[in-house]
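# Observations on the model geometry
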Amino acid sequence: QVQLVESGGNLVQPGGSLRLSCAASGSIASISIMGWYRQAPGKQRELVAHITSINKTTYVDSVKGRFTISRDGAKNTVFLQMNSLNPEDTAVYYCYARLRSSGSLSYTDYWGQGTQVTVSS
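I will try to describe carefully the structure that is included in this document. Keep in mind it's a predicted model, so treat the numbers as computed, not measured. (Residues numbered from 1 in each chain as written. Predicted model: local features only at pLDDT ≥ 70, side-chain atom pairs only at ≥ 80, totals over all residues. Heavy atoms only, no water.)

### Concerning the nonpolar core
Heads up, the rule is: Buried Ala, Val, Leu, Ile, Met, Phe, Trp, Tyr and Cys residues that are joined via side-chain atoms within 4.5 Å together make up what is termed a nonpolar core. When accessible area is computed with a 1.4 Å probe and restricted to protein chains, residues below 20% of their type maximum are described as buried, those above 50% as exposed, and intermediate ones as partly exposed. For helices the rule is a DSSP run of H or I covering at least 4 residues; for strands it is a run of E covering at least 2, with both sets numbered from the N terminus onward.
One finds Trp36, Leu80, Met82 and Tyr93 to be the most contacted residues of the largest nonpolar core, which totals 29 residues. For this core, the secondary structure elements donating two or more residues are strand 3 (18–25), strand 4 (28–39), strand 5 (46–52), strand 7 (67–72), strand 8 (77–82), strand 9 (91–101) and strand 11 (115–119). For this core, the leading source of residues is strand 9, giving 5 residues.

As structure tokens, this is what we get:
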């Protein structure tokens, strides 16, 4: 079965940095997009960043210049380097992938379990 597993969430002080990782495993034929969403309590889930199979990146305006998304195609892994964190970045961060599993003719969306990022002094 295809799974996405995140790691790297933690408690960090304002101005600090964290690096999130997400590895996709299972019988995967190809990955179209991998990315990160986040959801704060009482708020809607929002796209933070995503990266395509040709390394085209997209960021929500609030993280531009502070966050960097990257990937390791050989390991089916996506990273999110988060710098200059502020309390507004506090949320559960979810890994996302649109991929085609082995033997499938279509792409399917997959989600990780989420990892907590808390920015507080």
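So, next bit.
### Some words on the packing of aromatic side chains
The cut-off we apply is this: Working definition: rings of Phe, Tyr and Trp (its six-membered ring) pair if their centres are within 6.5 Å, and the pair is stacked with planes under 30 degrees apart, edge-to-face with planes over 60 apart, and tilted otherwise.
Scanning the model with the defined rule gives 3 aromatic pairs in all. When the ring of Tyr37 is compared with that of Trp111, the centres are 4.9 Å apart and the planes differ by 65°; the resulting orientation is edge-to-face. With Tyr37 in strand 4 and Trp111 in strand 10 (residues 108–111), the pair connects residues that are 74 residues apart, well separated along the chain. A relative accessible area of 37% means that Trp111 is categorised as partly exposed.

### Examining the layout of surface pockets
Basically, it comes down to this: The distinction between a cavity and a pocket rests on a 1 Å grid over the protein atoms alone: a 1.4 Å probe fits inside a cavity but cannot get out, while a pocket stays open yet meets protein on both sides within 12 Å along at least five of seven lines, and a residue with an atom within 4 Å of a point counts as lining. Grid points are joined across faces, edges and corners, and a volume is the space filled by probe spheres set on the points. Under the scheme applied here, ten amino acids are nonpolar (Ala, Val, Leu, Ile, Met, Phe, Trp, Tyr, Cys and Pro), four are charged (Asp, Glu, Lys and Arg), and all others, including Gly, are polar.
Here the largest pocket is characterised by a volume of approximately 170 Å³. Lining the largest pocket are Arg38, Gln39, Ala40, Lys43, Gln44, Glu46, Pro87, Glu88, Thr90 and Ala91. Among the residues forming the lining of the largest pocket, the class breakdown is 3 nonpolar, 3 polar and 4 charged.

Everything listed is a geometric property; what it means functionally is a separate question.
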